[in-house]
Amino acid sequence: MRRIRRIALIGAAALTVSAVVSGCAGDDGTNTSGHVTVTYMLPSSWVGVPGFKENVRAWERKTGHQVTLAPVPDANYDALVQARIASKNGVDIFAGQDTAKDKAAIMQPATGPWVQRLNPDVRKAITSPDGKIWGTPSADGLNATGVLYNKDVFAKAGITAPPTTLAEFRADLEKVKKSGVTPLHLAGKDGWTLLQHRSSVNASFIGADKDLVAKLDGNKAKWADTPGFDQEYQALSDWVNGGLTNDDALTSTYEASTAALAKGKAGAIINGSWALGEIAKSNADAHIGFFLLPAADGHNILGLQKPNMLKVAKFSKVAPQAQDFLNFMIAQPQAQSFLDANPGVSAFTDVKAAKPSGGVADLQKLVDQGGSVLPFDQQSVIPQPQDDIIAAYQELIGKRADVAEFGDRVQKAWQSAGAKSGAAGF
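Throughout what follows, the structure given in this document is the object of discussion. (Residues numbered from 1 in each chain as written. Predicted model: local features only at pLDDT ≥ 70, side-chain atom pairs only at ≥ 80, totals over all residues. Heavy atoms only, no water.)

### Some words on the overall build of the chain
Threshold: A run of DSSP states H or I qualifies as a helix once it reaches four residues; a run of E qualifies as a strand once it reaches two. Both are numbered from the N-terminal end. With the radius of gyration taken over C-alpha atoms, the globule rule is written as 2.2 Å times the number of residues to the power 0.38. Note on classification: 1.4 Å probe, protein chains only; a residue is buried when its accessible area is under 20% of the maximum for its type, exposed when over 50%, partly exposed between these limits. Contact between two residues is taken to exist if any of their heavy atoms lie within 4.5 Å; hydrogens are not considered. Areas reported as accessible are Shrake-Rupley estimates using a 1.4 Å probe. Residue values count occlusion only from the protein chains shown.
In terms of helices and strands, the chain carries 17 helices and eleven strands. Taken over the C-alpha trace, the chain has a radius of gyration of 22 Å; the compact-globule value for 426 residues is 22 Å, and the two agree within 12%. Dimensions of the chain, computed from the C-alpha atoms along their principal axes, are close to 70 × 50 × 35 Å. Burial statistics for the chain: of 426 residues in total, 53% are counted as buried. Residue pairs at least 24 apart in sequence account for 77% of intrachain contacts in the chain once pairs closer than 6 positions are excluded. Taken as a whole, the chain presents about 18500 Å² of accessible surface, with 52% of it coming from carbon and sulfur.

### Considerations on helix α9 (residues 229-241)
Quick reminder of the rule: Here a helix's expected span is defined as the number of its residues, less one, multiplied by 1.5 Å.
Between its terminal C-alpha atoms α9 stretches 18 Å, which fits the 18 Å expected from 13 residues at 1.5 Å a residue. Along α9, the positions that sit buried rather than exposed are Phe-229, Glu-232, Tyr-233, Ala-235, Leu-236, Ser-237, Trp-239 and Val-240. At the C-terminal side of α9, Gly-243 shows a positive phi close to 75°.

### Quick word on the side chain of His-65
Using the following cut-off: Under this definition, polar contacts are N or O atom pairs within 3.5 Å; protein pairs additionally need one hydrogen-donor-capable and one acceptor-capable atom, and for neighbouring residues in sequence, both atoms have to be side-chain atoms.
On the secondary structure map, His-65 appears in the loop between α2 (52-63) and β3 (66-72). Polar contacts involving the side chain of His-65 include one to the main-chain amide nitrogen of Val-36, which spans 3.1 Å.

### Quick word on the pattern of salt bridges
Filter applied, for reference: Any Lys or Arg side-chain nitrogen found within 4 Å of a carboxyl oxygen on Asp or Glu counts as a salt bridge.
Considering all chains together, one arrives at eleven salt bridges under this definition. Between Asp-211 and Lys-210 there is a salt bridge, and its shortest N-O distance comes to 3.6 Å. Note on Asp-211: relative accessible area 38%, which makes it partly exposed. Overall, Lys-210 belongs to the exposed group, its relative accessible area being 68%. Look at the salt bridges and you will find they share partners, linking Glu-395, Arg-400 and Arg-409 into a network.

### Some words on the sheet that holds strand β8 (residues 182-184)
Applied cut-off: Between any two strands, pairing holds if DSSP finds at least two bridges. Axes here mean lines fitted to C-alpha atoms, for a helix over just the part in contact, with angles spanning 0 to 180 degrees between N-to-C directions.
The strand order across the open sheet formed by four strands is β8-β9-β7-β10, and the pairing between neighbours is mixed. For this open sheet the edge positions go to β8 and β10 (288-291), each flanked by a neighbour on one side alone. Ignoring which end each strand starts from, the neighbouring axes of this sheet average 25° apart. Packed on one face of the sheet, helix α6 (residues 166-178) meets β7 (145-150), β8, β9 (266-272) and β10 and runs near 160° to β8. Here helix α7 (residues 195-208) sits on the sheet in contact with β7 and β9, set at roughly 75° to β9.

### Description of the packing of aromatic side chains
Cut-off, in case you're wondering: In this scheme Phe, Tyr and Trp rings, the latter by its six-membered ring, pair at centre separations within 6.5 Å, and the angle between planes marks the pair as stacked below 30 degrees, edge-to-face above 60, and tilted otherwise.
Summed over the entire model, instances satisfying the criterion amount to 17 aromatic pairs. Each ring, one from Phe-229 and one from Tyr-233, has its centre 4.7 Å from the other, and the planes form 45°; the classification is tilted. Taken together, the positions of Phe-229 and Tyr-233, both in helix α9 and four residues apart, correspond to about one turn of that helix. In terms of burial, Phe-229 and Tyr-233 fall into one category: buried. For the ring pair Tyr-393 and Phe-406, a centre distance of 5.2 Å and an interplane angle of 75° mean the geometry is edge-to-face. Of this pair, Tyr-393 sits in helix α16 (residues 386-397) while Phe-406 sits in helix α17 (residues 403-421), placing them 13 residues apart in sequence. Taking relative accessible area as the criterion, Phe-406 reaches 1% and is therefore assigned buried.

### Let's talk about helix α11 (residues 275-282)
For clarity, the cut-off: Throughout, the arc means the angular range of directions from the helix axis out to the C-beta atoms.
Taken together, the buried positions of α11 are Ala-275, Leu-276 and Ile-279. Projected onto a plane normal to the axis of α11, the buried residues spread over an arc of 100° and lie on a single side. Turning to α11, the residues buried within the fold contact β7, α10 (254-262), β9, β10 and α14 (358-369).

The structure is reproduced here in structure tokens:
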């Protein structure tokens, strides 16, 4: 699980960008001047992202059309989008609904010159089996989960290169502890942070077995029987029991963990690359790097999340203009200006951060190497039992359950989720 990205500026009122185009709007979305209004319903946290509204205004100036941004509080976003879709009114562009069984009934397939500019792994990830792409990728940076670490803390502890095995990682954590710094900061109160460990280990599991998601979704395999499962979770348990994590692992928050890392009070956290922005808020001068959580067999795989996908509503009366707007927003000049304002790793091969931070540069290198996999949660057709899995994690890091008991809890949660979803085999 990750937060619906990423800057927490919450506001619910509809916001119209640019000067009002003269003329009255007709039933087809046009006005007397021949221009149209495109309604873009988006999570509130997206509105204030630097560079976004500037690109919106640029399209309006170019075309004479108008974009009405309708921000919705993140927590209510999916439900309100679904209500608009059901009423077939009030939205032309929306995000989400990626798991809809009949996509053609609610959205239009997307296309544009951007398709050939996509990173090959990203293009593969967002293309459906029938060859269609249901949505246009946003200009936001791509994200992955792994280990974010303070390079200065690691260097002071005598660590010269990121670890590639669990044994090396354990040894590095011991070195950080000897230097007087908390080696690994866990934020167990905000349980979603613990799921970033799950995402990291699941990427390696999928990399080792491309059929794993189908096996688990079909109830043809058990989580604890996955090769490497016991080793990965025993390692986590050992870090906690060995004093290599913060004493308040169960009560610490996401903000506390990022601040500790930024200020050199912690050596590392396990989270998504989106946390780099939060870390920079605490200390813009922090030297933060990124590496993959070591796999039990030593073969690390990057789990690269899909970009946010923006959909044109099936019933939209201004669909051509809506798609043109989305295509404009990710054309090279606009995508580059957005990335300049929000440094990250782009989905497009012709867009790169000019001066990437250490963490961004590390992730860009991994993306350029290719061979990434789509995270488990974005492949599985079963709604993930996140609350139950978080509870199992809290029992494990709270020293109230061993790895075998943790595996049992995860499996029971999975069985329940599969049965509730009506998935075949459960």
